[in-house]
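Below are the chains, spelled out letter by letter.
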Amino acid sequence: MCLGYPGRIIEIKGDFAKVDFGSGVIKDNIIISLVDAKVGDYVIVHAGYAIQVLDEEEAKKTIEIWNEYLKSISENR
């Protein structure tokens, strides 16, 4: 099973982007050459590659579901 996580592009330099995944997690050098994305877009990132552009509403729903899942894991430890 492969997982991708949504984040918002905050800066682009050539084929690379800085992506904000929320909760203070920002990653540089995400490769965006596979998608047509711009600053402000939400993208699904897998293994350092942006593989899909999401609309904002869908991205926020996905992030909310991930956060609920992560919270449930930490509560059950």
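Everything here concerns the structure above.
A short tour of the structure in this document, coming up. From a predicted model like this one, the values you see are computed outputs, not experimental measurements. All residue numbers refer to positions counted from 1 along the written sequence of the respective chain. Local features are withheld for residues below a pLDDT of 70 in this predicted model, meaning they are given only at 70 or higher, and side-chain atom pairs are given and counted only at 80 or more; totals for whole chains, interfaces and linings count all residues. Note that the side-chain values use all heavy atoms of the structure and ignore hydrogens as well as water.

## Quick look at the environment of D36
What counts as a helix is a DSSP run of H or I of at least four residues, what counts as a strand is a run of E of at least two, and both are numbered from the N terminus. Inspection of the secondary structure puts D36 in the loop between β3 (25–31) and β4 (42–46). Buried, partly exposed and exposed residues are distinguished by accessible area as a fraction of the type maximum, computed with a 1.4 Å probe on protein chains only: under 20%, between the cut-offs, and over 50%, respectively. Taking the relative accessible area as the measure of exposure, D36 reaches 75% and is therefore exposed. Residues are treated as being in contact if the distance between any of their heavy atoms lies within 4.5 Å. Those residues in contact with D36, other than ones at most four positions away along the chain, are D41 and V53.

## Some thoughts on the packing of aromatic side chains
Each aromatic pair joins two rings of Phe, Tyr and Trp (for Trp, the six-membered one) with centres within 6.5 Å, and gets the label stacked for planes under 30 degrees apart, edge-to-face for over 60, and tilted for any other angle. Summed over all chains, the structure comprises 3 aromatic pairs. For the pair Y5 and F21, a centre-to-centre distance of 6.1 Å together with 50° between the ring planes defines the contact as tilted. On the criterion of sequence distance, the pair formed by Y5 in strand β1 (residues 5–13) and F21 in strand β2 (residues 16–22) is long-range, its members being 16 residues apart. In this pair, the class of Y5 matches that of F21, namely buried. With a centroid separation of 6.1 Å and 75° between ring planes, the pair formed by W66 and Y69 is classed as edge-to-face. Taken together, the residues span about one helical turn, with W66 and Y69 both in helix α1 (residues 56–75) at a distance of 3 residues.

## Overview of the nonpolar core
Judged by nonpolar contacts, the single largest core of 17 residues is most densely connected at I9, V19, I32, V43 and A50. Among the secondary structure elements, those contributing two or more residues to this core are β1, β2, β4, β5 (49–54) and α1. With 4 residues, β4 is the largest single contributor of residues to this core. Those residues in contact with I32 that lie beyond four places of it in its chain are I9, I12, G14, D15, F16, A17 and A50. The term nonpolar core refers to a set of buried residues drawn from Ala, Val, Leu, Ile, Met, Phe, Trp, Tyr and Cys, joined through side-chain atoms within 4.5 Å.

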